[in-house]
Amino acid sequence: MQAFTFGQSKARVIYPDDTAQKVTFKDIAGVKEAKEELQEIVQFLKEPQKFLDIGAQIPKGVMLMGAPGTGKTLLARAVAGEAGVPFFHLSGSEFVEMFVGVGASRVRDLFRMVKKESPAIIFVDEIDAVGRVRGTGVGGGNDEREQTLNQILVEMDGFEPNEKIIVMAATNRPDVLDPALLRPGRFDRRVILDLPDINDREEILKIHARKKPLGEDVNLRTVSERTPGFSGADLYSLMNEGAILAARENRTKVSQYDLIRSIEKVMIGPERRSHLLSDEEKRVTAYHEGGHALLASLLPYADPVHKITIISRGHAAGYTLKLPTEERQFHTRREFLDDITVSLGGYAAEVMLFDNLTTGPSNDLQVATGLAHDMVAKYGMSAGIGPIAFEASGGVLLARGGFIERDYSQDVAMRIDKEVEIIMNDGLRRAKELLTKHKLVLDAIAAELIRVETMERDEYEKILMLHGIKARRKIGEEPYVALTAVAEEQKSEAVAKPEAALSCAPAAPSLKVTHETVVTESSGKSATPKRPREQKK
Ligand code: ADP
Ligand code: MG
Ligand code: ZN
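What you are looking at is a predicted structure, and each value in this text was computed from that prediction instead of being measured.

**Q** Got a sec to walk through the overall build of the protein chain? Specific residues and values, please.
**A** Within the protein chain, the regular secondary structure consists of 19 helices and 12 strands. Expressed as a percentage of the 537 residues in the protein chain, the buried residues total 55%. Considering only intrachain contacts with a sequence separation of at least 6, the fraction spanning at least 24 residues in the protein chain is 80%. Here the protein chain has roughly 24400 Å² of accessible surface; of this, 52% comes from carbon and sulfur atoms.

**Q** Residues and numbers for the nonpolar core, please.
**A** Ranked by internal contacts, the top residues of the largest apolar core, which has 54 residues, are Leu294, Ile340, Ile416 and Ile445. Those elements that provide at least two residues to this core are α12 (279–298), β8 (305–309), α13 (333–343), α14 (345–353), α15 (362–377), α16 (410–437), α17 (439–452) and α18 (457–466). Per-element accounting of this core gives the leading share, 10 residues, to α16. The residues touching Ile340, leaving out its near neighbours within four places in the chain, are Ala368, Leu371, Ala372, Met375, Ile423 and Met424. Counting residues in hydrophobic clusters, the runner-up holds 32 residues, among them Phe25, Val31, Val42 and Val62.

**Q** Could you give me a rundown of the coordination of the zinc ion (ligand 3), with the residues and numbers involved?
**A** Around the zinc ion (ligand 3), the protein contributes the donor atoms His288 (NE2), His292 (NE2) and Asp364 (OD), at 2.1 Å from the metal centre. Along the chain, the residues that donate to the zinc ion (ligand 3) are spaced as H-x3-H-x71-D. A residue pair is termed long-range when its members are at least 10 positions apart, and His288 in helix α12 and Asp364 in helix α15 qualify at 76 residues. Taken individually, His288 and Asp364 each receive the classification buried, so the pair is uniform in this respect.

**Q** Outline the pairing of β8, listing residues and values.
**A** With four of five residues buried, β8 is to be regarded as a mostly interior element. Here β8 runs beside strand β9 (residues 454–456); their pairing, made up of three bridges, is antiparallel. Across the sheet, residue Lys307 finds its bridge partner in β9, namely Glu456.

**Q** Give a description of the site of ligand 1 that names residues and reports values.
**A** As a matter of local geometry, ligand 1 sits amid 16 residues, with Ala29, Gly69, Lys72, Thr73 and His208 nearest to it. Between an oxygen atom of ligand 1 and a side-chain N or O atom of Lys72, the distance comes to 2.7 Å. Contacts to ligand 1 include His208, whose side-chain N or O atom sits 2.9 Å from a nitrogen atom. Taking 560 Å² as the accessible area of ligand 1 by itself, protein coverage stands at 82%. The set of elements that each furnish at least two residues to the shell around ligand 1 consists of α3 (72–83), α8 (198–209) and α10 (232–248). Its residues assigned to classes, the shell around ligand 1 shows eight nonpolar, six polar and two charged.

**Q** Run through the packing of helix α1 (residues 32–46) against α3, naming residues and quoting values.
**A** α3 packs onto α1 with a crossing angle of 40° between their chain directions and a minimal axis gap of 9 Å. Comparing the axis directions of α1 and α3 gives the class oblique. Crossing of α1 against α3: the hand is right-handed. When α1 is examined against α3, the residues Ala34, Lys35, Leu38, Ile41, Val42, Leu45 and Lys46 are found in contact with a partner set consisting of Leu75, Val79, Glu82 and Ala83. Considering only residue class, the contact of α1 with α3 consists of eight nonpolar, no polar and three charged.

**Q** For the pattern of salt bridges, give the residues involved together with the corresponding values.
**A** Scanning all chains against the criterion turns up 27 salt bridges. One salt bridge connects Arg261 with Glu249, and the closest N-O pair in it is separated by 3.5 Å. Here the residue Arg261 occupies a position in helix α11 (residues 256–268), and Glu249 occupies one in the loop between α10 and α11, the gap between them amounting to 12 residues. The class of Glu249 is partly exposed, set by a relative accessible area of 42%. Note that Asp443 and Lys439 form a salt bridge whose closest N and O atoms lie 3.0 Å from each other. Of this pair, Asp443 and Lys439 both sit in helix α17, four residues apart, roughly one helical turn.

**Q** An account of the pairing of strand β6 (residues 165–171) is needed here, citing residue identities and associated values.
**A** Here β6 lies mainly inside the structure; seven of its seven residues are buried. Pairing geometry for strand β3 (residues 61–66) and β6, over five bridges, is parallel. Among the inter-strand pairings, Gly61 is bridged to a residue of β6, identified as Val167. The sheet contact formed by strand β5 (residues 120–125) and β6 spans five bridges and is parallel. Within β6, the residue paired with Ile122 across the bridge is Val167.

**Q** Lay out α18 in plain terms, naming residues and giving numbers.
**A** Residue pairs spaced three or four apart in an α-helix point in one direction, given the helix's 3.6 residues per turn. Among the residues of α18, those classed as buried are Arg457, Tyr460, Glu461, Ile463 and Leu464. Axial view of α18: buried residues confined to an arc of 150°, hence all on one face. Counted as exposed and oriented over 90 degrees from the buried face of α18: Asp458, Lys462 and Leu466. Looking one or two places after α18, you find Gly468, whose phi comes out positive at around 80°.

Basis of the calculations
Residues numbered from 1 in each chain as written. Chains lettered and ligands numbered in written order. Predicted model: local features only at pLDDT ≥ 70, side-chain atom pairs only at ≥ 80, totals over all residues. Heavy atoms only, no water. Helix = DSSP H or I, 4+ residues; strand = E, 2+ residues; numbered from the N terminus. Buried < 20%, exposed > 50% of the residue type's maximum accessible area, 1.4 Å probe, protein only. Contact = heavy atoms within 4.5 Å. Areas by Shrake-Rupley, 256 points an atom, 1.4 Å probe, with all protein chains shown as cover. Core = buried A, V, L, I, M, F, W, Y, C linked by side-chain atoms within 4.5 Å. Donors = N, O, S within 2.8 Å, 3.2 Å for Na, K, Ca; no water. Pairing = 2+ DSSP bridges. Near = heavy atom within 4 Å. Polar contact = N/O pair within 3.5 Å; in protein donor to acceptor, adjacent residues only side chain to side chain. Nonpolar A, V, L, I, M, F, W, Y, C, P; charged D, E, K, R; others polar. Axes fitted to C-alpha atoms, helices over the stretch in contact; angles between N-to-C directions. Parallel < 35°, antiparallel > 145°, perpendicular 65-115°, else oblique. Left-handed = near helix turned anticlockwise from the far one by under 90°. Salt bridge = Lys/Arg side-chain N within 4 Å of Asp/Glu carboxyl O. Arc of directions from axis to C-beta.

Listed below in structure tokens is the structure:
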């Protein structure tokens with residue numbers, strides 16, 4: 001990598017002819033969806049004219065989101081490698097450092113310089129260092145940083161499509177990002193990187209074993225079985241540690257024992273960034289996520305399940321960041337009730353299956369309570385209070401931990417709380433009833449999750465099918481459930497049916513149900529905004 005002279009800049013550039021530095025998609029295992037998503041950027045950078053001639057809208061900015069060590073930096077480099085364009089790389093903190101005292105003009109210079117080399121990629125790693133919500137910096141704001149950020153945004157706003165520059169950025173803290181960064185025309189393309197599941201881990205180990213002679217006894221599958229929760233970077237260190245152990249003992253090949261010993265070394269090492277899931281944690285998480293998923297499939301107004309994973313939990317900051325779903329213009333009362341029930345599915349499963357609760361569902365509870373609160377206070381959807389809106393819709397940013405401005409009396413507040421409690425308890429009751437009724441399916445989903453860690457929609461629906469449940473294809477459709485699918489003799493009609501639907505205004509964007517690791521159809525879509533129409537396949 002060569003540094004380019006740019007004041008005292010620390011920015012680096014990799015040119016396509018620098019083969020020693022070249023990274024391509026082949027060097028990255030897993031993150032399949034992220035790679036697919038980025039193919040389009042690669043295609044554009046390769047043949048920009050083709051896209052420009054046809055008037056296609058090209059994204060300006062791509063935000064990579066994922067836990068530390070999931071390969072964000074690597075993937076950004078691979079996009080440049082695949083496209084064969086120069087890659088300008090600098091980190092958010094370097095950005096701030098670099099511009100102290102000189103401010104925005106430097107940013108302008110940088111972009112001007114990159115434009116000369118276009119098509120090209122500018123990559124701002126760890127952008128949260130510059131892109132935190134403005135005015136909340138440690139020590140009460142940081143003018144320099146804000147100016148820098150503003151200038152980046154100004155530059156991006158001013159891009160013409162024919163400038164053929166893609167700005168990529170990476171963060172493992174999407175929750176602290178300034179929303180201005182994510183507006184249309186800026187980093188409006190979001191790519192989420194998950195921690196690797198068992199198969200991905202094996203593939204990553206294979207990649208890093210390429211240049212290391214392995215002993216006959218080495219079984220990378222076993223190593224991947226023992227490393228749930230490891231990131232790509234952890235697996236890289238593991239391989240490396242194994243080689244060091246072998247070399248230290250003057251052996252020419254890495255043995256299985258070297259690798260197994262290295263698991264622990266990586267876990268306790270200073271580099272360690274993620275944590276290993278214990279068997280018990282895996283089990284609890286599998287039931288938790290299974291609970292969400294199964295309810296999402298059983299309740300007619302919930303978003304269908306798109307993917308389930310037990311791996312990214314606690315790291316999936318990316319999943320908590322959702323755009324409003326564009327598909328649904330109105331939210332009905334039944335949708336709200338089903339969403340609340342789905343949100344409580346993890347909690348319900350944990351209560352049912354395990355004696356003690358984990359802290360896992362706390363975000364779920366927050367989301368569900370927020371929805372219930374809106375039903376009561378915004379949309380007039382509760383029986384006890386009726387059609388009074390105590391709060392304006394929109395503008396209340398619950399997800400940011402913001403406050404709700406109360407412009408009603410203490411007495412009303414108590415009545416609202418009471419109604420919220422009723423809705424929540426009702427949701428929990430429905431959740432528990434359905435999960436009890438379909439306990440065998442829940443067991444089957446959990447067992448498979450423990451085995452494979454991640455299931456795509458097809459694999460998941462196969463399990464449902466085996467148990468006589470045919471997933472529905474449309475919102476509002478009742479799923480087909482064969483009588484044999486019921487686990488327990490049940491006064492099944494006891495399952496509460498919410499009353500007829502009332503229509504209401506769209507929900508505020510921040511209030512969409514988000515599950516940490518069950519990605520439902522529409523939430524999956526909303527995590528990656530829709531492509532412009534022209535490019536639709
Ligand atoms: P991040 O930027 O997300 O923190 P990096 O891209 O810096 O992660 O990853 C650090 C190293 O870990 C990479 O250089 C690579 O060796 C390894 N690594 C991470 N993810 C993967 C992956 N999916 N496939 C192969 N190697 C990976
Ligand atoms: Mg990185
Ligand atoms: Zn959950």
